[in-house]
Amino acid sequence: MKRTNRMLAALLALTPAAAVAQGVIVAPHAVFIDHATRSGSITLYNPGENPVEVTVSFGFGYPTTDSAGSMSVEVADSAPANEPAATAWLQAFPRRVTIGQQERQTIRLLASPPAGLPDGEYWARLIVGAKGGQVPVAGTPDSGAITVGLTLEVRTVIAVVYRKGSLSTGLTLAAPSATYANDTVAVRIPMTRTGTAAYVGTARVRVVDAKGALKGEDERALGVYYTLDPRVDIPVGPLAPGTYKVVVTLSTDRGDLPPKAVLPALPARDSVEFTVR
Amino acid sequence: MTRTLLLGLALLALPRALPAQSVTGIRNLTFGTVIPGVPTTVLQNDAVRSGQFRIAGVIVRNVTIGFTLPTVMNGPLGATMPITFLNNSAGFTTVFQGNTPFNPNTPYNETVWFNATITLGGRVNPTPTQRSGNYTANIVMTVIFL
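Quick notes on the rules
- Residues numbered from 1 in each chain as written.
- Chains lettered and ligands numbered in written order.
- Predicted model: local features only at pLDDT ≥ 70, side-chain atom pairs only at ≥ 80, totals over all residues.
- Helix = DSSP H or I, 4+ residues; strand = E, 2+ residues; numbered from the N terminus.
- Buried ≥ 20, exposed ≤ 12 C-beta atoms within 10 Å, placed from the backbone.
- Contact = placed C-beta atoms within 7 Å.
- Pairing = 2+ DSSP bridges.
- Axes fitted to C-alpha atoms, helices over the stretch in contact; angles between N-to-C directions.
- Domains from an automatic or database assignment.
- Nonpolar A, V, L, I, M, F, W, Y, C, P; charged D, E, K, R; others polar.
- pLDDT = per-residue confidence, 0-100.

### Some thoughts on the overall build of chain A
Secondary structure summary: chain A contains one helix and 21 strands in total. Looking at chain A as a whole, 39% of its 277 residues are labelled buried. In chain A, 73% of the contacts between residues at least 6 apart in sequence involve partners at least 24 apart.

### Brief notes about the overall build of chain B
From N to C terminus, chain B includes one helix and 11 strands. Listed by position from the N terminus, the elements making up chain B come as α-β-β-β-β-β-β-β-β-β-β-β. Of all 146 residues assigned to chain B, the portion counted as buried reaches 47%.

### Describing the sheet that holds strand β19 (residues 231–235) of chain A
Residue and element names in this part refer to chain A. What the three strands build is an open sheet, ordered β13-β14-β19; its pairing is antiparallel. Whereas interior strands pair on both sides, the edge strands pair on one side only; in this sheet they are β13 (177–181) and β19. Sheet twist, expressed as the average angle between the axes of neighbouring strands with direction ignored, equals 20°. Sheet topology places strand β14 (residues 184–188) next to β19; five bridges connect them, and they run antiparallel. Opposite valine 187, over in β19, you have valine 232 as the bridge partner.

### Focus on the environment of leucine 109 of chain A
All names here are of chain A. One can find leucine 109 in strand β9 (residues 104–111). Through-space distance from the C-alpha of leucine 109 to that of glycine 132 is 24 Å; in sequence the pair is 23 residues apart. Look past the residues within four positions of leucine 109 in its chain and what remains in contact with it is Val31, Ile33, Ser39, Gly40, Ser41, Leu90 and Ala92.

### Let's talk about the environment of aspartate 229 of chain A
All names here are of chain A. Turning to its location among the elements, aspartate 229 is positioned in the loop between β18 (227–228) and β19. Each C-alpha atom of the pair aspartate 229 and glycine 59 lies 24 Å from the other, and the pair is 170 residues apart in sequence. Filtering out sequence-adjacent residues up to four positions away, aspartate 229 remains in contact with Thr65, Gly69, Arg188, Ile189 and Pro190.

### Digging into the domain arrangement of chain A
One frequently used descriptor of interface size is the decrease in accessible area upon assembly of the parts. All names here are of chain A. Here chain A is described as being made up of domain 1 (3–164) and domain 2 (169–276). With 17 residues of domain 1 at the contact, the number on the domain 2 side is 14 residues. Residue contributions to the side of domain 1 that touches domain 2 peak at three residues, all from helix α1 (residues 3–14). Partitioned by chemical class, the residues of the side of domain 1 that touches domain 2 number eight nonpolar, six polar and three charged.

### Side note on unusual backbone geometry
A cis amide bond links alanine 27 of chain A to the next residue, proline 28 of chain A, at an omega of 5°. Looking at where proline 28 of chain A falls in the secondary structure, it is placed in the loop between β1 (22–27) and β2 (30–34). Residue proline 94 of chain A follows phenylalanine 93 of chain A across a cis peptide bond; omega there is -10°. Inspection of the secondary structure puts proline 94 of chain A in the loop between β7 (90–93) and β8 (96–99). Its identity as a non-glycine residue notwithstanding, leucine 77 of chain B has a phi of 55°, on the positive side. Among the residues examined, leucine 77 of chain B registers 6 C-beta atoms within 10 Å and is labelled exposed.

### Focus on the sheet that holds β18 of chain A
Residues and elements named next belong to chain A. The strand order β12-β15-β18 describes an open sheet built from three strands, whose pairing is antiparallel. Of all the strands in the sheet, the pair left with one neighbour each is β12 (169–173) and β18. In this structure, strand β15 (residues 191–195) lies alongside β18, joined through two bridges in antiparallel fashion. Residue pairing across strands places threonine 192 opposite threonine 227, the latter belonging to β18.

### A look at the confidence of the model for chain B
Residues and elements named next belong to chain B. When pLDDT is averaged along chain B, the result is 86; 88% of the residues meet or exceed 70. The lowest-confidence element of chain B is helix α1 (residues 2–12), averaging 45 in pLDDT; the highest-confidence one is strand β6 (residues 80–84), averaging 96. Interface scoring of the predicted complex returns ipTM 0.82; its pTM is 0.84.

### Describing the pairing of strand β4 (residues 51–68) of chain B
All names here are of chain B. Summarising burial for β4: 15 of the 18 residues are buried, a large majority. Note: strand β1 (residues 21–27) against β4, five bridges, orientation antiparallel. Its bridge partner being in β4, serine 22 is matched across the sheet by alanine 56. As defined by bridge partners, β4 adjoins strand β9 (residues 108–120) across 12 bridges and the pair is classed as antiparallel. Within β9, the position partnered with arginine 54 by the bridge is threonine 117. Bridge count between β4 and strand β11 (residues 133–145): six bridges; the pairing is antiparallel. Bridging from a neighbouring strand, threonine 68 pairs with valine 140 of β11.

Right, dumping it as structure tokens:
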């Protein structure tokens, strides 16, 4: 079964409650726009039983890691002057829409880059806000009682990438490190992007013993815009004394994205050993 | 089950290569009736009154979860009531990870496996002379897919 179908199956099997909630399903996971068409789209679906008010806007941000290896994205309304940002010249149509129950809506994204835009990759973040109808707070106002309730609004933020010209990407993988504590192997993977575009791919980490038997593994989507040094925690349970190896493989394989959207690059691979006494 | 099937059919009808993710509000945060002068707390793991969100449609994705939280709620005739969120007022749960409290006042980074449930509690402080009526505010949860 293709990965896309597996994911849809997981979504359906594991989230029946979402079908009655307020919010929207956003597809795809990221939007890639090329300079030739200068347009893209996303599809929204309201699985709930009530209309949802949706707003679409743009911000700027990309994944970074802190000293502990925790990964995050800080999304700002506008980009710093030295960043390759598409935020200022992307538009969404419509920007505000009400989606009825179990209805779909296509949002068109149009780019109007400045004349003479140099070849390169330009980034933005698409922010989809969804708000359900106001839910009345229980209680009667003239009863003398005080009643309190707070309503929920959700925002989904995905990447938008605009590409012009022939681009390349790659990764330089510095030596990974691994530590074992509390039945978990913590792996740090320091990476530096090369080329002219962000590295979009997958990181796979395997922990094996001296005989090659698998003790634990992890696989996650990866976007390296400049540098990244994430910490990946792999639960392995109690390990017997001995030497173990952590194998890190980075590739541009991304089953959740259209193949044309992923710039190819040679896989990067490295390993590190650690000892349990 | 029927609605789930409809959701599945709708998703399968999406254009090819459009894997989808969803962030939904499942349940509002509700304090119910409070007593003037008596602070009331709803724990994030309260099965009935806590606010609840869900992230779904991913296999394994790193996300940053942020909240825009009110400091006061608006009531009748311009009356307000303070509300606070403590450093353990939110919780994160996945199929592989039990409820893990976190601070909703700062961005929280996690890994979502298939789906995740985020719960939110809080504390309201009505004054002894708090005007009666309904008090409401809006909570925004932002999920950034890395």
